[in-house]
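Below are the chains, spelled out letter by letter.
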Amino acid sequence: IDKIDTLPIIQVSSEFSLPIGSEKVSNKIPTEEWQRSNSKISKSENFKMGFVLPFLTEKLSSISNPDINNMVSRWAIHYYTGAKLALENWKNKGVKFESFVWDSGADTTSLIRNVFSDPRFYQVPLIIGPYHRDNIKYLANYAKKEGVLLFSPFSAAQNLTDDNPFFYQVNPQLEIQIASI
């Protein structure tokens, strides 16, 4: 039997825990910023959250040449399926929530048409997604302006967390990951 290489597990203090935020933001977040966020996230009957993911349904519905094997839309389907399974687990434990899902499309024009045209979007205090860089920038600016929490499950874009306490990268840029390790 071949030996397996292993890495030791070391407990790290909570100050180095994920999610990793910008130093500018994590060192000092103004109280009024958190009050804005807390006012949108209440302990109501149903907690509302939204998924804005690139299912790219416009490419699938193309009559002449449907793109049924797109890697990005496949990622979105797998991510959303996993999230729904996790949410069902929480629902079975008594957590009450309501989730919405929108197709962000491949560009900002599609994002505005598909997401911002839906009045339900403005009632959601927590957004997960999107995938494409321009859409992430657009939603990060919206989150900062409106005090809505935005979690990006894929992006490792630079400078989006700077001065934005409402934007979190689950997959932070490589330099931040290395510094945290």
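Residues numbered from 1 in each chain as written. Predicted model: local features only at pLDDT ≥ 70, side-chain atom pairs only at ≥ 80, totals over all residues. Heavy atoms only, no water.

Peer 1: Before we go on, may I ask you to explain the overall build of the protein in this structure?
Peer 2: Counting its regular elements, the protein contains seven helices and five strands. Taken from N to C terminus, the helices and strands of the protein fall in the order α-α-β-α-α-β-α-β-α-β-β-α. Counting every atom, the protein has about 12000 Å² of accessible surface; 55% of that belongs to carbon and sulfur. (Helix = DSSP H or I, 4+ residues; strand = E, 2+ residues; numbered from the N terminus. Areas by Shrake-Rupley, 256 points an atom, 1.4 Å probe, with all protein chains shown as cover.)

Peer 1: Would you mind going over the nonpolar core with me for this structure?
Peer 2: Nonpolar side chains tend toward joint burial in soluble globular proteins. Counting 31 residues, the largest nonpolar core has Phe51, Val52, Phe121, Ile127 and Leu139 as the members making the most contacts within it. Contributions of two or more residues to this core are made by β1 (47-53), α4 (71-92), β2 (97-103), α5 (108-116), β3 (126-128), α6 (133-146), β4 (149-152) and β5 (167-169). Looking at this core, the element that brings in the most residues is α6, giving five residues. In this structure, Ile127 is in contact with Gly50, Val52, Phe121, Leu139, Tyr142, Val148, Leu149, Leu150 and Phe151, ignoring residues within four places of it in sequence. (Core = buried A, V, L, I, M, F, W, Y, C linked by side-chain atoms within 4.5 Å. Buried < 20%, exposed > 50% of the residue type's maximum accessible area, 1.4 Å probe, protein only. Contact = heavy atoms within 4.5 Å.)

Peer 1: Explain the sheet that holds β3 to me, please; I cannot follow it from the model alone.
Peer 2: The strands making up a sheet associate through hydrogen bonds between their backbones, and the pairing can be parallel or antiparallel. Taken together, five strands build an open sheet; the order of strands is β2-β1-β3-β4-β5 and the sheet is parallel. With partners counted over all chains shown, the strands left at the sheet margins are β2 and β5, one partner each. Sheet twist, expressed as the mean angle between neighbouring strand axes with direction ignored, is 20 degrees. Where α5 meets the sheet, it contacts β1 and β2, and its direction lies at approximately 145 degrees from that of β2. Strand contacts of α6: β1, β3, β4 and β5, with the helix running at about 155 degrees to β4, the strand carrying the most contacts. (Pairing = 2+ DSSP bridges. Axes fitted to C-alpha atoms, helices over the stretch in contact; angles between N-to-C directions.)

Peer 1: Can you walk me through the confidence of the model for the protein in this structure?
Peer 2: Atomic detail in the predicted coordinates should be set aside for any region of low pLDDT. Across the protein, the average pLDDT comes to 77, with 65% of residues at or above 70. The low-confidence segment residues 1-12 (pLDDT under 50) makes zero contacts with residues lying over four places distant or belonging to another chain. (pLDDT = per-residue confidence, 0-100.)

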